[in-house]
Amino acid sequence: MPKASRSRTQRTTTAVAVTLLAATALTGPPAAADDHPPSADLRADVNQDGRVDVTGGSDEAGEDSWRPGRGAVFLANVDDDSRRCRTRPGDLDRIDPAVDTRLAACHDAADEKVNGRRDAADLAPLRIAPTEVGDDATGHVTVPSAQRPYVRLFVRRDGRLRVLRGPLTAAELRAGVELALEGRDIVRDPRRWNGLVDVALTVRGQGHRSSDRVRLKVAPVLFQNDLQRAQSVFAAKPGPGSGAVPGGVGAGYRPREWKPFASSLRRAARAAGLADRDVTFTAGTRQWWREIWRQDMVEPTVASVPAPGGRVHTMRVLLRSPMKWLSPDGGETTLSRSGRLLFRDFRGPDVGVVQQFAPGREPDGMDLQNATGNFESLPPSPGHPQGRVLYGTDPLRQPDASYVKMIEAQAQQPSVTIDTSWLLVGHVDETVHVVRADNARGWTLAVADPRQALGLLRRTQSAGQGGQRMFAATSMPDKPTVDELLADEKFLADNAKAAGHIDGQIRALLRQTGLSERDLVRLPVLYTMATVHPEIPEGAVALSPSIPNGLSLTSRDYAAPDPHGPRFRGRDLFRDAAEKALATGGVRVHWVENFAWAHLAGGEVHCATNALRDTSGTARWWTRRMA
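On a predicted model such as this, the values are computed, not experimentally measured, just so you know.

Novice: Before we go on, may I ask you to explain the overall build of the protein in this structure?
Specialist: Helix and strand counts for the protein stand at 12 helices and 31 strands. Each of the 627 residues in the protein was classed as buried or not, and the buried ones make up 57%. With an accessible surface of roughly 25,500 Å², the protein has 51% of that area assigned to carbon and sulfur atoms.

Pasting the structure below:
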């Protein structure tokens, strides 16, 4: 069957063949070696059905180009299917950038072996159709030099996939050849590599030459979103040498308060349908109190390709936070050491870890803008079938440019940004959270509302309950009364400023997302101005636990920090307001006690947890064209 798309060299070969046929009528048949001029026929899964059609023509049209809905795709093989990559004793605590480099360098694509059947499933199939050639024919499979560092080719010989070196023999060409392409990296900088690979086959023999080419595209890594069901939840627990941290950064951590946090988080997970084994707690480094922020160490993503039978083959790719830490003596800069837990506890079959950061960048203060609590995602919406990435910006503390470039290089989830410079920590998760909604798109944003919180304080005061102490059931050292707060002009001014900044965030979000003001879910949060480090300017922090800074367990189950708000007739007014507001979208709230474990240290439930989600319903990126 003639190929639907022929290269120039194939057309030349055909013309030569026609000339030889004409000459045969005059001079007789050509020499035996010319009975079978070479015909190159390289095939890939162009029609995206998870298999390569060798005998038919379904994978031929458009094989040398790529467009959504038509074009072969492949994975970056950055997982560890045989679990050969190990951390060494002391890796978690060593202040040495070489540790981070070594840990990130080990994965399946780092060697020239196919590490078992599971690893073979991560390779993209290529086939050379059987062709009649003379005994002197050879086949040469090549990739352009600029693309070569990003892929590796294997050939099946003697029943095993081996690295392809040198030409294919005439016997192999006659029998047909099984090839496999391994992706060695994701796209990080499109100026260096845009994710496309051109694989060419050239067959030579007896003075003839024929060529064929297929184009493939590497799978992008896509952020999961909060409407997707959590399959596993992970958090920290007190590590070696646990004890209250006196003064300075981390002074709020109280290890004895971990149990109420852990038990209430487990209860919330059970109510959402997760088993106890799906909620894990692990200790990190000796400086455990710096490393409890599981949200800040990683952003989980997924890469996927078509599989036979209409299925999808996926790989989780965990994007390590580019946040850096200075050693206590200021001598060395390393990535935040909590991220090394990803290599120890998560990397394995179908789970890879990628780190990306600017090597020469020195941390700005505590480098909080680069924690991955500052990188979230919005679910799919019109024109954005894979959703969008949301992150916070600050003129003085910009996120690592190379990390942002890597995210944008996936070219599937355009960025939405809001100003978080006014917040002490500076993360988008402090004020905004995606929640389910009964609107056209199925989701909306829950936002912190200090005006609502002040209104509830005034309601309490008007009811004659202004003498009650806020946060009475907590270990908060200072427990002001409602009357005292409402009489504090600085406190009122702080909340007015916070409300104005949140107004600005909302305007930016509505403009960039197309949501309307009436879609928003407003949740009561009180703010105060504070500072925790001499290198970080004063900023706003949540005085009452920030209810939007919680963890979605399913689209209908939300684990929120218990706000310990003012009480009226035996009920917490902040709780009541949040439960009613979220119930309008069919969302149930499960309260988690995180006041002393996370809140007093500057974070909440979301900051102290993370989740790997069910992404099976994610739209198939290879079929969708973005608006």
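Text resumes after the structure shown.
Novice: Quick question: what am I supposed to make of the pairing of strand 7 (residues 177-183) here?
Specialist: On any regular strand, side chains alternate: one points to one face of the sheet, the next to the other face. Taking burial as the measure, the seven residues of strand 7 include six buried ones, the bulk of the element. Bridging between strand 3 (residues 124-128) and strand 7 involves five bridges; their strand directions are antiparallel. Paired with L126 across the bridge in strand 7 is L179. The pairing of strand 5 (residues 151-157) with strand 7 spans five bridges and is antiparallel. Looking at strand 7, one finds that L153 is bridged to L181.

Novice: Explain the sheet that holds strand 10 (residues 222-223) to me, please; I cannot follow it from the model alone.
Specialist: The strands making up a sheet associate through backbone hydrogen bonding, with each pair oriented either parallel or antiparallel. Ordered by their spatial adjacency, four strands build an open sheet running 10-13-14-17, and the pairing between neighbours is mixed. In the strand order of this sheet, the two ends are held by strand 10 and strand 17 (351-355), each with one partner. Note: strand 13 (residues 298-307) against strand 14 (residues 311-320), 10 bridges, orientation antiparallel. Residue pairing for strand 14: E299 is matched across the bridge by L319. Contacts between helix 7 (residues 401-409) and the sheet are confined to strand 10, strand 13, strand 14 and strand 17, with strand 14 contributing the most and set at about 170° to the helix.

Novice: Could you clarify how one ought to interpret helix 8 (residues 450-462) in this entry?
Specialist: One full turn of an α-helix is made of 3.6 residues, so residues set three or four places apart face in the same direction. Taking 1.5 Å of rise per residue, 13 residues should cover 18 Å, and helix 8 covers 18 Å from first to last C-alpha, within 8% of that figure. Here helix 8 has its buried residues at P450, A453, L454, L456, L457 and T460. Viewed end-on, helix 8 has its buried residues packed into an arc of 155°, placing them on one side of the element. Its side-chain oxygen at 3.1 Å from the backbone nitrogen of R451, D449 defines the N-terminal cap of helix 8. G464 sits one or two residues past helix 8 and shows a positive phi near 80°.

Novice: Quick question: what am I supposed to make of the pairing of strand 27 (residues 557-561) here?
Specialist: In terms of burial, strand 27 is largely enclosed, as five of its five residues are buried. Neither face of strand 27 is left uncovered, since the one carrying D557, A559 and P561 and the one carrying Y558 and A560 both have all their residues buried. In this sheet, strand 27 lies alongside strand 26 (residues 551-554) in antiparallel orientation, the contact comprising three bridges. The residue of strand 27 that forms the bridge with T554 is D557. Between the antiparallel neighbours strand 26 and strand 27 lie two residues.

Novice: How do you make sense of unusual backbone geometry when you look at a structure like this?
Specialist: Both trends apply: most residues other than glycine have a negative phi, and most peptide bonds are in trans. Phi is positive for Q48, close to 60°, though the residue is something other than glycine. Here Q48 lies in the loop between strand 1 (42-44) and strand 2 (72-74). The phi dihedral of D158 falls on the positive side, at around 55°, and the residue is not glycine. Relative to the helices and strands, D158 is located in the loop between strand 5 and strand 6 (160-163).

Novice: In this structure, what is going on with the state of the cysteines? I would like to understand it.
Specialist: Across all of its chains, the model carries one disulfide by this definition. The residue that forms a disulfide with C85 is C106, at a sulfur-sulfur distance of 2.1 Å. Residues C85 and C106 share a disulfide whose torsion about the S-S bond is about -85°; that sign makes it left-handed. With C85 in the loop between strand 2 and helix 2 (97-105) and C106 in the loop between helix 2 and helix 3 (117-120), this pair connects stretches of sequence that are 21 residues apart. Across the pair, exposure class does not vary: C85 and C106 are buried alike.

Novice: Honestly, the sheet that holds strand 18 (residues 375-378) in this entry has me stumped. Any pointers?
Specialist: Spatially, three strands are ordered 18-19-20 in an open sheet, and the strand pairing comes out mixed. The open sheet terminates on both sides in strands that have one partner only, identified here as strand 18 and strand 20 (415-419). Along the sheet, successive strands turn relative to each other by an average axial angle of 30°, direction set aside. Sheet topology places strand 19 (residues 388-393) next to strand 20; five bridges connect them, and they run parallel. Looking at strand 20, one finds that T393 is bridged to D419.

Novice: Please explain the packing of helix 8 against helix 10 (residues 489-513) as it appears in this structure.
Specialist: Geometrically, a packed helix pair is captured by the angle between its two axes and the distance between the axes. At a minimum axis distance of 8 Å, the contact between helix 8 and helix 10 shows a crossing angle of 145°. Listed contacts from helix 10 to P450, R451, L454, L457 and R458 of helix 8 are F491, L492, N495, A498, A499, G500, I502 and D503. Residue classes in the contact of helix 8 with helix 10 are distributed as eight nonpolar, two polar and three charged.

Novice: So what exactly am I meant to see when it comes to the pattern of salt bridges here?
Specialist: A side chain of one charge can pair with a side chain of the opposite charge if their charged atoms are brought near each other. Taken as a whole, this structure holds 34 salt bridges when the rule is applied. When the shortest N-O distance is used, the salt bridge between E517 and R522 registers 2.4 Å. With a relative accessible area of 44%, E517 lands in the partly exposed category. The exposure class of R522 is partly exposed, given its relative accessible area of 25%. Notably, a salt bridge pairs D557 with R588, separated by 2.5 Å at the nearest N-O pair.

Novice: How should I be thinking about the packing of helix 8 against helix 11 (residues 573-583) in this particular structure?
Specialist: With their axes 10 Å apart at the nearest point, helix 8 and helix 11 run at an angle of 130° to one another. Taken together, helix 8 and helix 11 sit at an angle that is classed as oblique. Taken as a pair, helix 8 and helix 11 cross one another with a handedness that is right-handed. On helix 11, the residues touching Q452, A453, L456, R459 and T460 of helix 8 are L573, F574 and A577. Considered class by class, the residues forming the contact of helix 8 with helix 11 number five nonpolar, two polar and one charged.

Novice: What should I look at first to understand the packing of aromatic side chains in this one?
Specialist: The geometry of an aromatic ring pair is captured by the separation of the ring centres together with the interplanar angle, meaning the angle of the planes. A full pass over the atoms with the stated rule returns 10 aromatic pairs. Through a chain of ring-to-ring contacts, the aromatic side chains of W66, W621 and W622 assemble into a single cluster. Here the basic side chain of K217 rests over the ring of W66, its NZ or CZ set 5.6 Å away from the ring centre. The ring of W443 carries the charged tip of R441 above its face, separated from the ring centre by 5.2 Å.

Novice: What's the story with the nonpolar core in this structure? I'm lost.
Specialist: Side chains that are nonpolar tend, in soluble globular proteins, to be buried together. Ranked by size, the top nonpolar core spans 61 residues in total, and within it L126, L181 and V199 carry the most contacts. In contact with L126, other than residues within four places in its own chain, are L42, R43, A44, L153, V177, E178, L179, L181, V199, V214 and L216. Counting residues in each nonpolar core, the second largest holds 26 residues, with A236, I292, A598 and C607 among its members.

About the criteria used
- Position labels on residues start from 1 in each chain and follow its written sequence.
- Given that this is a predicted model, residues contribute local features only at a pLDDT of at least 70 and side-chain atom pairs are listed and counted only at 80 or more, while totals for whole chains, interfaces and linings are drawn from all residues.
- As a convention, hydrogens and water are excluded, and side-chain values are obtained from all of the structure's heavy atoms.
- Secondary structure elements follow DSSP: runs of H or I of four or more residues count as helices, runs of E of two or more count as strands, with numbering from the N terminus.
- Each residue gets one of three labels from its accessible area relative to the maximum for its type: buried under 20%, exposed over 50%, partly exposed in between, using a 1.4 Å probe on protein chains only.
- Here the accessible surface of atoms and residues is derived via Shrake-Rupley with a 1.4 Å probe, and residues count as covered only by protein chains that are part of the display.
- Two strands qualify as a pair provided DSSP detects at least 2 bridges between them.
- For this analysis, residues touch if any pair of their heavy atoms sits within 4.5 Å.
- Axes, fitted as lines to C-alpha atoms, cover a helix only where it is in contact. Angles between the N-to-C directions of the axes lie from 0 to 180 degrees.
- What a helix is expected to span follows from its residue count: subtract one and scale by 1.5 Å.
- Within this analysis, the arc is defined by the directions that extend from the helix axis to the C-beta atoms.
- Here a polar contact is recorded for every N or O atom pair within 3.5 Å, except that within protein the pair must consist of a potential hydrogen donor and a potential acceptor, and residues adjacent in sequence are included only if both atoms are side-chain atoms.
- The disulfide criterion used throughout: a pair of cysteine sulfur atoms within 2.5 Å.
- When residues are sorted by character, Ala, Val, Leu, Ile, Met, Phe, Trp, Tyr, Cys and Pro go into the nonpolar class, Asp, Glu, Lys and Arg into the charged class, and all the rest, Gly among them, into the polar class.
- Salt bridges are defined by distance alone: a side-chain nitrogen of Lys or Arg within 4 Å of a carboxyl oxygen of Asp or Glu.
- For classification, angles of less than 35 degrees are called roughly parallel, those exceeding 145 degrees roughly antiparallel, those between 65 and 115 degrees roughly perpendicular, and all remaining angles oblique.
- Here is the rule for handedness: rotate from the far helix to the near one, and if that takes an anticlockwise turn smaller than a right angle the crossing is left-handed, while a clockwise turn gives right-handed.
- Only rings of Phe, Tyr and Trp enter the pairing, Trp through its six-membered ring, and a pair is recorded when the two centres are within 6.5 Å. The plane angle decides the type: under 30 degrees is stacked, over 60 is edge-to-face, the rest tilted.
- Ring-over charges, as used throughout, are those where CZ of Arg or NZ of Lys falls within 6 Å of the ring centre and within 35 degrees of the ring normal.
- To qualify as a nonpolar core, a set must consist of buried Ala, Val, Leu, Ile, Met, Phe, Trp, Tyr and Cys residues joined through side-chain atoms within 4.5 Å.

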